[in-house]
There are 6 protein chains.
Amino acid sequence: MTRPVTLFTGQWADLPFEEVAELAGKWGFDGLEIACWGDHLDVVRAAEDADYAKGRRDILERNGLGVWTISNHLAGQAVCDDPIDERHRDILPTRVWKDGEPEGVRRRAADEIVATARAAAALGVDTVVGFTGSSIWKAVAMFPPASQRFIDQGYEDFARRWIPILDEYQRLGVTFALEVHPSEIAYDYWTAKRALMAVADHPAFRFNFDPSHFVWQQIDPTMFLEDFADRIAHVHCKETATSFNGRNGRLGSHLAWGDPKRGWDFVTPGHGEVAWERIFRQLNAIGYVGPISVEWEDAGMDRLIGAPEALAMVRNLNAIAPAGAAFDAAFSASEASS
Amino acid sequence: MTRPVTLFTGQWADLPFEEVAELAGKWGFDGLEIACWGDHLDVVRAAEDADYAKGRRDILERNGLGVWTISNHLAGQAVCDDPIDERHRDILPTRVWKDGEPEGVRRRAADEIVATARAAAALGVDTVVGFTGSSIWKAVAMFPPASQRFIDQGYEDFARRWIPILDEYQRLGVTFALEVHPSEIAYDYWTAKRALMAVADHPAFRFNFDPSHFVWQQIDPTMFLEDFADRIAHVHCKETATSFNGRNGRLGSHLAWGDPKRGWDFVTPGHGEVAWERIFRQLNAIGYVGPISVEWEDAGMDRLIGAPEALAMVRNLNAIAPAGAAFDAAFSASEASS
Amino acid sequence: MTRPVTLFTGQWADLPFEEVAELAGKWGFDGLEIACWGDHLDVVRAAEDADYAKGRRDILERNGLGVWTISNHLAGQAVCDDPIDERHRDILPTRVWKDGEPEGVRRRAADEIVATARAAAALGVDTVVGFTGSSIWKAVAMFPPASQRFIDQGYEDFARRWIPILDEYQRLGVTFALEVHPSEIAYDYWTAKRALMAVADHPAFRFNFDPSHFVWQQIDPTMFLEDFADRIAHVHCKETATSFNGRNGRLGSHLAWGDPKRGWDFVTPGHGEVAWERIFRQLNAIGYVGPISVEWEDAGMDRLIGAPEALAMVRNLNAIAPAGAAFDAAFSASEASS
Amino acid sequence: MTRPVTLFTGQWADLPFEEVAELAGKWGFDGLEIACWGDHLDVVRAAEDADYAKGRRDILERNGLGVWTISNHLAGQAVCDDPIDERHRDILPTRVWKDGEPEGVRRRAADEIVATARAAAALGVDTVVGFTGSSIWKAVAMFPPASQRFIDQGYEDFARRWIPILDEYQRLGVTFALEVHPSEIAYDYWTAKRALMAVADHPAFRFNFDPSHFVWQQIDPTMFLEDFADRIAHVHCKETATSFNGRNGRLGSHLAWGDPKRGWDFVTPGHGEVAWERIFRQLNAIGYVGPISVEWEDAGMDRLIGAPEALAMVRNLNAIAPAGAAFDAAFSASEASS
Amino acid sequence: MTRPVTLFTGQWADLPFEEVAELAGKWGFDGLEIACWGDHLDVVRAAEDADYAKGRRDILERNGLGVWTISNHLAGQAVCDDPIDERHRDILPTRVWKDGEPEGVRRRAADEIVATARAAAALGVDTVVGFTGSSIWKAVAMFPPASQRFIDQGYEDFARRWIPILDEYQRLGVTFALEVHPSEIAYDYWTAKRALMAVADHPAFRFNFDPSHFVWQQIDPTMFLEDFADRIAHVHCKETATSFNGRNGRLGSHLAWGDPKRGWDFVTPGHGEVAWERIFRQLNAIGYVGPISVEWEDAGMDRLIGAPEALAMVRNLNAIAPAGAAFDAAFSASEASS
Amino acid sequence: MTRPVTLFTGQWADLPFEEVAELAGKWGFDGLEIACWGDHLDVVRAAEDADYAKGRRDILERNGLGVWTISNHLAGQAVCDDPIDERHRDILPTRVWKDGEPEGVRRRAADEIVATARAAAALGVDTVVGFTGSSIWKAVAMFPPASQRFIDQGYEDFARRWIPILDEYQRLGVTFALEVHPSEIAYDYWTAKRALMAVADHPAFRFNFDPSHFVWQQIDPTMFLEDFADRIAHVHCKETATSFNGRNGRLGSHLAWGDPKRGWDFVTPGHGEVAWERIFRQLNAIGYVGPISVEWEDAGMDRLIGAPEALAMVRNLNAIAPAGAAFDAAFSASEASS
């Protein structure tokens, strides 16, 4: 099994892209999943300026890195979100935010997401990972009462805004891989089903599988992989640890990352409760051969220690695989198990 | 122990108040926790029109019922919420909603909550149960990134809007009992701590304890009672059952009540996972002698069956209590346990 | 919800049919699921002799009982089993066993199962519950090594023997409801899938849902109901309790029923670990309105105590149902949950 | 199954014996397990004064009660305990305590236990339930370091003091049933083994089985019954509930009964975590036909409510039993389980 | 502790014996547990031809390997099995299968097992690991109803066929170590007890302990070691991982090894749920000093990676042992634990 | 984070101090927590003889070791214990035991503990770890009945004996860190609260946190750290493994360390069930920067293997820490988590 291991640069966007590439290369990653923010990737330039795109690839090559995916969670978030507020302003490019009028922001965010597909194509990449936002996330607790109509409209809004985007992706030969994640239109098993239904199983719409978001929602990542096998376009290796003690809650209590009063937190891969080996055996079973992208996030640890540690873990997990041709012979022998 | 058992009329507001009173009286409830919506209680009229207030009490008396609490979740919700949208419009009185301009709605909702205290006083009731709303609930998933400043502002907004209300409550000798509940400023253990801190332990601010909202957040209701003993002003007997199976999630998947694909749902008291006996023993320990109010909600069951069933359960639980004076003698005997 | 509650007569076949009918009538059952052995029902006579069939119905009517299903586990077992041995001889009618030559027994058992459909039709019943047997059950531990070919042949053998039977059932307007059960072609979730595939989703082939067989196999009965919703033709209310302690095993250790050294055992419904309320709420969700048939079996209890106790439990469970038209109004009220 | 249900009078010793007998008779108990303290039973008088003994039996008979067991936990405790201190003084008869010199107290306590056997014989009772005390209980935490020699001496001390007592019991045809209980020489599975070994399986030494003491020690009561089947002389129906929450500990924190900060507490039978039905099925399996004695203790409940509630529970449990002769027939039918 | 670590060659029988020896030697194993199939060991030749036996030992010695055990699961399986079918044909030597007539096969299989003891003796080995087969395995689900007589006959059949074999083993100074395993006469705790009883604790009959078969049956391996301490002749280090999710079942669904739909599967030691450290500490406690034999089987991993990984794990586990003489001093110090 | 890692010499007191220092230095420990027994540290000499104290420090320095804490569990134990018996004699210096008269022993033990503070000061150390003993430990099972008065007196006795000691500690600038441990006045969460209350939160009284004693009492170590954050003076890295199987009990059955029949046992750090990573993250959160002292104890392992293994584990855990200044930047990036 030769799945490449990449580093998602989203949590490193405070560093220049070149520096991140050097670090990742030095540690032995196979490539980067480039975040479309910070100075890492300007999607409009990449889409329009062949030299810029080539410059990015040159940096990768100098560090022995490939690229299979780029990611634009930030712009994607604004496509469907309601309300649009200061939180969006803080993360959007000026060209998207402009005057902050919500509907205008949403439309420009949609344009940015289309530009991201063009940037991907320019880089020779066929997958964009990202978020969709959601007009009904605010109603997750169902109070004030959210009528069925209100909920249905949320999925319809998603379909209305995203189908044109996805059509464009399809034309460009690029897949949009929604990271199933709270605050998005799909955040668990049933909302993933419903989101697929909303876009009529659009061929350009697939999922970025990130089990860290399932841990605290108590969703079984392996069952998700099994049942959505043909929709898994990308895999994040991100980790979550829980600490429920009767006081810490599932919802995080609006506490900052790293506060031990949270019921759960992101930690360096291998330090939490994701059943990685079962997941990798399931990835083998469904034939996933794309990248495993380390999304390191751990407010309690130094990323310079955590990222290479995660890489080592993924290498070990990638080594869990049948033995190819030689394996077949072994297997018939092993049928006589005892 | 002589705690009264009341029926919360919120889930019966489609019926005329008089009919609900008759049902409750017939079933043997000790009283009603009157919802301030439907035709059950118009707080403005009750505050201003002594005859109206007397009329409500007459209905209760005719049915052998008392009243210890009135509830105004709906108006309370709008005091801090952001955004204010169609969901609020659907549940607010016209005099509060008016043109729907958010800040105006919030101010009028605050007035309504003050009127509710006056209505309580007019009815001879010293506790108002309700919601507060929250400007930061929408950020519960912490994406888009909610900065510490953003979160802090949520609590400050709550304090700014509610301290004047609470001052008025204090003057009227009425307690506002926030039902700790997702979508409110306090929804779990740590947010309850933080909310108390935000209003500097205001003497008119206490909690309505409803364990059904803790089940799926994995908060220990007994520990909550123990640690917030002096802030428990009222108790809801409402129940939750979970059905996690790897597909159903903690967040409910935006599915309707009663859908078995939800990870949890409200059910008739006694049909779920609340550890009622431990809770009642803890209520004994902290000396809570107020009402136990049945908040019946179960999309899969007939309320005409469920409500009296819940009443019977609470009567049995209320019977779990030390034997008074006689008990002391028993206890010294029981020290020689074997 | 008006699901009838029936008593399966299989565990009462030592008593004359008339006596069982009297007991069931006296206890208040709505009907019987008649076992096609003992003197309870001779399928050949019922199929051929209108008077005999009428006589059976008369007995039922005299005791205020209906019939929706008849059951023929014993003959069904022999259709696919391999080996055929003394255990089959002890439970088969002489006309099926004859000389005991295995292939002959299998063919005559198939004829008997077809006759059972005719008997059902003669009694005005559209469902036959039963077993299929399996030529690969003996290989459940996969040692000696069972090759993929060997396993595939098991399903093919099942299809070859049963499709003609099922075609005949379809012609007669009768459904064969396989009780998913160890020792049958389908005994769990995945074998149920595979069995359906083997008969190409034959319209006359459905399942008798009996959760007692899932408890010790650790299959989730509710998920089974959800995923096979359109294949549930009948429901058994039978119960299992486990007692794993490090010594007692999942496989029962070839110990007799009622031996506390067994890892699990059948017990009177309500005395074990089946999550009945979740199951009944799921039955509501999938719209199952057929009979709930009490299959009482408990080597540690008197059936004269256990059977009426089970009936009472099922009546309570059947009462868990939305309130019909009245319910809809309640539900919109309850959307304003708090 | 006709096991009598008795009430242990230990927790009622503040009431006159006659009053307890009246209560128990009124509630429908079959008899009393008479505590040898309060005014319930003076063992010396009963052993020596036939009229006194007859008087006790008369009281029982007047209330329709029998007696199968008398209990002397208090005197038994002092036989081996070290240190002997004010706690013993508070529970011992003056004739045993006298000057409180430890070794003298121990010897007089041993005499009292022998007298208890004589009292039993005088009452026509063949079982004395009680405690043994232990010189090594104080070393349960093994600090200061308790050497193997120190521990061994504890068992030797037990044997040296109790074998003469047991010999006397044997002569009198009475069994001493040690209640396996923390603070005694045997308090769990392995110490029960070791205690039996210490007295070389003395025929007069058996156990009073009380599962409430196993709950918080995490001992499996059913396995205990299975493995010590031939040593079960008596059964207490006493109950324990736990409330571990990360703060409450297994050892009870030296807190008073009824304090919710305790990790566990005694509660009315049926309100806790003892797996009663498994226990009763196991009692059937080992053929135990002696009394089930309700030892009611619950600092949070009124004994006048709790005791009859416990009686009702035991009656239901006693009803779980095979159907005798009729059962055999049923059983062969049930072998054809499906 | 100097327990040798061996590699069981059963899963490597597709390779020539010499190649397996080279691999094992290179990886650092101490020896081989030689499977009596493939070209690894012909028991008849080894029993009769001293040169052949010496040749096998020479190969071992050249690779720095010893041998303490040989294994003949395949022939053993046929001694008691019923039915005998194509699965047996596929694994038996021609000289045993011949015409496939069942009773003849069983007798020749018994002869082969006796020959295996002779081969062992010729190789200087005192333990043969293997299977027994079972005429009642097919009745594990107890349907069609398996009468007590039928079950008893299974154990009698086992005794009748194996006691003569065991007598011969005893004469040769060789122990037959049955691997407790589903499809054998003993597959769990209670069947192991019953099997021992059936052969009256024959001195030549002991067990090969393999915890991988206990994981999914929920048998506690440590308790098994403790209670059968004097019958443990050999230890397999084989591993199992489970993946129960409500759909995957305990019985494996007749699915192939490596299919993630199985409820459990064999995996490389250290990748599953066997509590190895507890087991090794228990092996220390019972004084087991024989070989730990790695039985590698993992359809999802390359054996060339897995086998040396398992060896490393066992070496670490073997290092968990008291410190000998030096340890005693440490221990008295450690009594002053704090 | 630069917490030093020390080795507690208590379990090495059979070796000369110099030898232990050499071992620890060689393994790479940062220092020793010196036990005040064996020849490791004579507190009277150290308090009075500057040369002796300097000699101890010289030994440390020669081996590259520091010292932050000294420990005197043995003398501390005798300050409050009742009874005082041979177990104390075996562990106390002659100058403390003398004639063994209990009250005299207690007073001399108190003097020894004061001397320990002086020794600490002489060594430049500001923390003494130790035990307090308890006059009520013997009543942990609450039988014979321990009245509230009896329990209260236990805490009063503790206060009366220890406040003068603690005053002296305060004068000397030394903290006494009680190891919360069964057999001491504080052994769990609530007794720790009560002990603090008894000494009115004496500034010289803090805790040595050792999670190994919480595992089997089911106390959450992380919650303990959070709630007693300002009282954590020292941390032991000691480990416990449990093996509950229905027979092994929570109380250890008075069995020797290392016996697999114990329900729990001390094991080499990393081999048990302490949630070390959560603990270290919590230590980061409360700002604990003192030593992590390895208290190695494992009757089933060689300390020469176990101690350096534990050191390696602690080094890895210490590495889990935010990245300092650099971290802040990373953290704001990580707020944009996805």
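About the criteria used
- Residues numbered from 1 in each chain as written.
- Chains lettered and ligands numbered in written order.
- Predicted model: local features only at pLDDT ≥ 70, side-chain atom pairs only at ≥ 80, totals over all residues.
- Heavy atoms only, no water.
- Helix = DSSP H or I, 4+ residues; strand = E, 2+ residues; numbered from the N terminus.
- Rg over C-alpha atoms; globule rule 2.2 N^0.38 Å.
- Buried < 20%, exposed > 50% of the residue type's maximum accessible area, 1.4 Å probe, protein only.
- Contact = heavy atoms within 4.5 Å.
- Areas by Shrake-Rupley, 256 points an atom, 1.4 Å probe, with all protein chains shown as cover.
- Lys, Arg positive; Asp, Glu negative; His and termini not counted.
- Charge placed at Lys NZ, Arg CZ, Asp CG, Glu CD.
- Salt bridge = Lys/Arg side-chain N within 4 Å of Asp/Glu carboxyl O.
- Polar contact = N/O pair within 3.5 Å; in protein donor to acceptor, adjacent residues only side chain to side chain.
- Nonpolar A, V, L, I, M, F, W, Y, C, P; charged D, E, K, R; others polar.
- Buried area = accessible area lost by both parts, 1.4 Å probe.
- Pairing = 2+ DSSP bridges.
- Axes fitted to C-alpha atoms, helices over the stretch in contact; angles between N-to-C directions.
- Least-squares fit on C-alpha atoms with pLDDT ≥ 70 in both.
- Phe/Tyr/Trp six-rings, centres within 6.5 Å; stacked < 30°, edge-to-face > 60°.
- Lys NZ or Arg CZ within 6 Å of the ring centre and 35° of its normal.
- Parallel < 35°, antiparallel > 145°, perpendicular 65-115°, else oblique.
- Left-handed = near helix turned anticlockwise from the far one by under 90°.

Considerations on the overall build of chain A
Per the secondary structure count, chain A includes 14 helices and 10 strands. Computed over the C-alpha atoms, the radius of gyration of chain A is 20 Å, within 12% of the 20 Å expected from 2.2 N^0.38 for a compact globule of 338 residues. C-alpha extents for chain A along the principal axes are approximately 65 × 55 × 40 Å. The buried share among the 338 residues of chain A stands at 69%. Here the contacts in chain A between residues at least 6 apart in sequence split such that 77% fall between residues at least 24 apart. Carbon together with sulfur atoms contributes 50% to the accessible area of chain A, which is approximately 10300 Å² in total. Within chain A, the 50 negative side-chain charges are centred at a point lying 3 Å from the centre of the 33 positive side-chain charges.

So, the interface of chain D and chain F
Counting residues at the interface gives 57 residues for chain D, matched by 56 residues for chain F. For the interface between chain D and chain F, the tally reads 2 salt bridges. Its salt-bridge partner being D85(D), residue K138(F) comes within 3.4 Å of it at the nearest N-O pair. Taken together, chain D and chain F are joined by 20 residue pairs in polar contact (both at pLDDT 80 or more). At the level of secondary structure, the elements contributing two or more residues to the side of chain D that touches chain F comprise α4 (73-80), α5 (86-89), α8 (148-172), α9 (189-198) and α11 (221-227) of chain D. Tallying contributions element by element places α8(D) first for the side of chain D that touches chain F, with 5 residues. A breakdown of the residues in the side of chain D that touches chain F according to their chemical character gives 29 nonpolar, 16 polar and 12 charged.

Thoughts on unusual backbone geometry
With an omega of 5°, the peptide bond running from D82(F) to P83(F) counts as cis. By secondary structure assignment, the location of P83(F) is in the loop between α4 (73-80) and α5 (86-89). In this model, F143(F) is joined to P144(F) through a cis peptide bond whose omega is -5°. Backbone geometry places D201(D), a non-glycine residue, at a positive phi of 50°. Mapped onto the secondary structure, D201(D) falls in the loop between α9 and β6 (205-209). D201(D) sits in the partly exposed class, given a relative accessible area of 43%. The phi torsion at A200(F) lies on the positive side, around 50°, for a residue other than glycine.

Some details on the interface of chain B and chain D
Contacts between chain B and chain D engage 24 residues on the former and 29 residues on the latter. Of the roughly 2100 Å² buried between chain B and chain D, counting both surfaces, carbon and sulfur atoms make up 53%. Inspection of the chain B/chain D interface yields 4 salt bridges. Among the salt bridges present, the one from R247(D) reaches E226(B), with a minimum N-O distance of 3.0 Å. At the junction of chain B with chain D, the criterion picks out 6 residue pairs in polar contact (both at pLDDT 80 or more). When residues of the side of chain B that touches chain D are traced back to their parent elements, those giving at least two are α11 (221-227), α12 (276-286) and α14 (324-334) of chain B. Sorting elements by how many residues they give to the side of chain B that touches chain D places α14(B) first, with 6 residues.

Here we look at the sheet that holds strand β5 (residues 175-179) of chain F
Residue and element names in this part refer to chain F. Read around the barrel, 8 strands follow the order β1-β2-β3-β4-β5-β6-β7-β10 and close on themselves; strand pairing throughout is parallel. Here the strands of the sheet are splayed against their neighbours by 30° on average, with no regard to which way each runs. Two strands pair when backbone bridges link them, and strand β6 (residues 205-209) and strand β7 (residues 232-237) are joined in this way by 3 bridges, in the parallel orientation. Paired with F207 across the bridge in β7 is I232. Contacting β1 (5-8) and β2 (31-35), helix α1 (residues 17-27) crosses the sheet at an angle of about 155° to β2. Along the sheet face, helix α12 (residues 276-286) touches β6, β7 and β10 (292-294) and points at about 160° away from the line of β7.

A word on the relation of the copies chain B and chain D
Mapping chain B onto chain D leaves a residual RMSD of 0.0 Å; the transformation is a rotation of 120° accompanied by 0.0 Å of translation along its axis. On the angle and the small slide along the axis, the relation comes out as a three-fold axis. In terms of proximity to the rotation axis, the leading residue of chain B is E273(B), whose C-alpha is 8.8 Å off the axis.

Observations regarding the side chain of D298(B)
Residue and element names in this part refer to chain B. Its place among the elements puts D298 in the loop between β10 (292-294) and α13 (303-318). D298 gets classed as buried once you look at its relative accessible area, which sits at 2%. In terms of polar contacts, D298 uses its side chain to reach the backbone amide nitrogen of T268, at 2.9 Å.

Comments concerning the pairing of strand β7 (residues 232-237) of chain A
All names here are of chain A. Here β7 lies mainly inside the structure; 6 of its 6 residues are buried. With 3 bridges joining them, β7 and strand β10 (residues 292-294) adopt parallel strand pairing. Directly across from C237, in β10, lies its bridge partner V294.

Examining the packing of aromatic side chains
Per the counting criterion, the structure on display carries 138 aromatic pairs over all chains. Centroid distance Y189(A) to W190(A): 4.8 Å. Interplanar angle 80°. Geometry classified as edge-to-face. Both residues of the pair, Y189(A) and W190(A), count as buried. For the pair F214(A) and F224(A), a centre-to-centre distance of 5.0 Å together with 50° between the ring planes defines the contact as tilted. With F214(A) in helix α10 (residues 212-215) and F224(A) in helix α11 (residues 221-227), this residue pair connects regions lying 10 residues apart in the sequence. Above the ring of W264(A), the side-chain terminus of R262(A) is found at 4.8 Å from the ring centroid. One residue, K261(B), lies across the ring of W190(A), its end atom 5.2 Å from the ring centre.

Looking at the pairing of strand β3 (residues 66-72) of chain D
All names here are of chain D. With 6 of 7 residues buried, β3 is to be regarded as a mostly interior element. Bridge count between strand β2 (residues 31-35) and β3: 5 bridges; the pairing is parallel. Paired with I34 across the bridge in β3 is I70. As judged from the 4 bridges shared by β3 and strand β4 (residues 127-130), these two strands associate in the parallel manner. The residue of β4 that forms the bridge with S71 is V129.

Some words on the relation of the copies chain D and chain F
With an RMSD of 0.0 Å, the operation that places chain D on chain F is a rotation of 180° combined with a shift of 0.0 Å along the axis. Such a turn and shift between the copies fits a two-fold axis. Relative to the rotation axis, the C-alpha of K138(D) is the closest in chain D, positioned 2.4 Å from it. Looking at chain D, 98% of its interface residues are interface residues in chain F too, so the copies touch through the same face.

Considering the packing of helix α8 (residues 148-172) of chain C against helix α9 (residues 189-198) of chain C
Residue and element names in this part refer to chain C. One way to put it is that α8 packs onto α9 with a least axis distance of 9 Å and a crossing angle of 55°. Compared by their axis directions, α8 and α9 come out oblique. Crossing of α8 against α9: the hand is right-handed. On the side of α8, the interface is formed by Q148, D152, Y155, F158, A159 and I163, while α9 contributes T191, R194, A195 and A198. In terms of residue class, the contact of α8 with α9 is made up of 6 nonpolar, 2 polar and 2 charged.

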